[in-house]
Amino acid sequence: MKPKEITKKILKILLTASALTLAFSSPYFFVNLLNNKKYKYPKKKVARTFHYLKQKGLIKYKRKGRQIYISLTPLGRKYAQELQIDDLKIETQRRWDGKWRILIFDINEKWKIVREALRGKLKELGFFQLQKSVWICPFPCENEFKILKTFFNLPNKSFMFIVATKIPFEEELKKIYNL
């Protein structure tokens, strides 16, 4: 299933909001939310997208009085997180703040697939591998760290984020990142 732009936007909003309450008197609340300067979606397309997401079991509706509650199903949450991981990027800065972001992880051998997937994503994001489970990046990436931690379901002790101002081999790393 290839996500279209409206589907991705709705799922990301629901993932961020956890559950969204819509006033029954305003059935086009979501349409208005999505119709800002950046995005202009026809009301019928948004309505069809909601129907499609419900039909696929990605969202559910619940009515209580004059309120409609829209939330992600467990399948919808998983799919929205996958979309979030696919779109993950670390923004480079014109001017470096002089801080190194270091990710350290220790993932058990029985979770080898998770460990390899995490390594692949870190490489894709532009991290440099200092050691097997120690990766470094010069740009702010704390939000991305939290998303990765949640997506891969990693406990605090097995996945750590450190910010440092001085590290060994700093000059070599500055050349790698053109700092």
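Chemist: Describe unusual backbone geometry, naming the residues involved and giving the relevant values.
Modeler: Glycine aside, residues mostly have negative phi, and peptide bonds are mostly found in the trans state. We note that Asn153 has phi near 55°; this positive angle belongs to a residue other than glycine. Mapped onto the elements of the fold, Asn153 is located in the loop between helix H6 (142–151) and strand S7 (159–164). Residue Asn153 is classed as exposed on the basis of its relative accessible area, which comes to 65%. One non-glycine residue, Phe169, lies in the positive phi region at around 65°.

Chemist: Quick rundown of the packing of aromatic side chains? Include the residues and the values.
Modeler: The way to describe two aromatic rings as a pair is by their centre distance and the angle between their planes. For the structure on display, the rule yields seven aromatic pairs. Centre to centre, the rings of Phe105 and Phe159 are 6.4 Å apart; their planes meet at 50°, and the pair counts as tilted. Here Phe159 lies in strand S7 and Phe105 lies in strand S4 (residues 100–105), a separation of 54 residues in the sequence. Take Phe159: its relative accessible area is 1%, and that puts it in the buried class. Taken together through their ring pairs, the aromatic side chains of Trp96, Trp100, Phe139 and Tyr177 make up a single cluster.

Chemist: Tell me what's going on with the sheet that holds strand S5 (residues 128–131), and back it up with residues and numbers.
Modeler: Strand pairing in a sheet takes place through backbone hydrogen bonds and is either antiparallel or parallel in direction. If you trace the four strands from one edge of the open sheet to the other, you get S5-S6-S4-S7, paired in antiparallel fashion. Each having just a single partner strand, S5 and S7 make up the two edges of the open sheet. Strand after strand, the sheet turns through a mean of 25° between neighbouring axes, direction not considered. Against the sheet, helix H5 (residues 112–125) contacts S4, S5, strand S6 (134–137) and S7, and its axis sits at roughly 170° relative to S4.

Reading the values: the criteria
Counting from 1, residues in each chain are numbered in the order their sequence is written. Per-residue local features are limited, in this predicted model, to residues with pLDDT of at least 70; the limit for side-chain atom pairs, both in listing and counting, is 80 or more; totals at the level of whole chains, interfaces and linings are taken over all residues. Note: side-chain values were computed over all heavy atoms of the structure, leaving out hydrogens and water. The helix count covers DSSP runs of H or I at least four residues long, the strand count covers runs of E at least two residues long, and both are numbered beginning at the N terminus. In this scheme, a residue with accessible area under 20% of its type's maximum is buried, one over 50% is exposed, and one in between is partly exposed, where area comes from a 1.4 Å probe on protein chains only. Here a Phe, Tyr or Trp ring, Trp counted by its six-membered ring, pairs with any other such ring whose centre lies within 6.5 Å, and the pair is stacked when the planes are under 30 degrees apart, edge-to-face when over 60, and tilted otherwise. Strands pair, by our definition, only if DSSP identifies at least two bridges between them. In this analysis an axis means a line fitted to C-alpha atoms, helices contributing only their contacting stretch, and an angle means the value between N-to-C directions, from 0 to 180 degrees. Whether two residues touch is decided by their heavy atoms; if any such pair falls within 4.5 Å, the residues are in contact.

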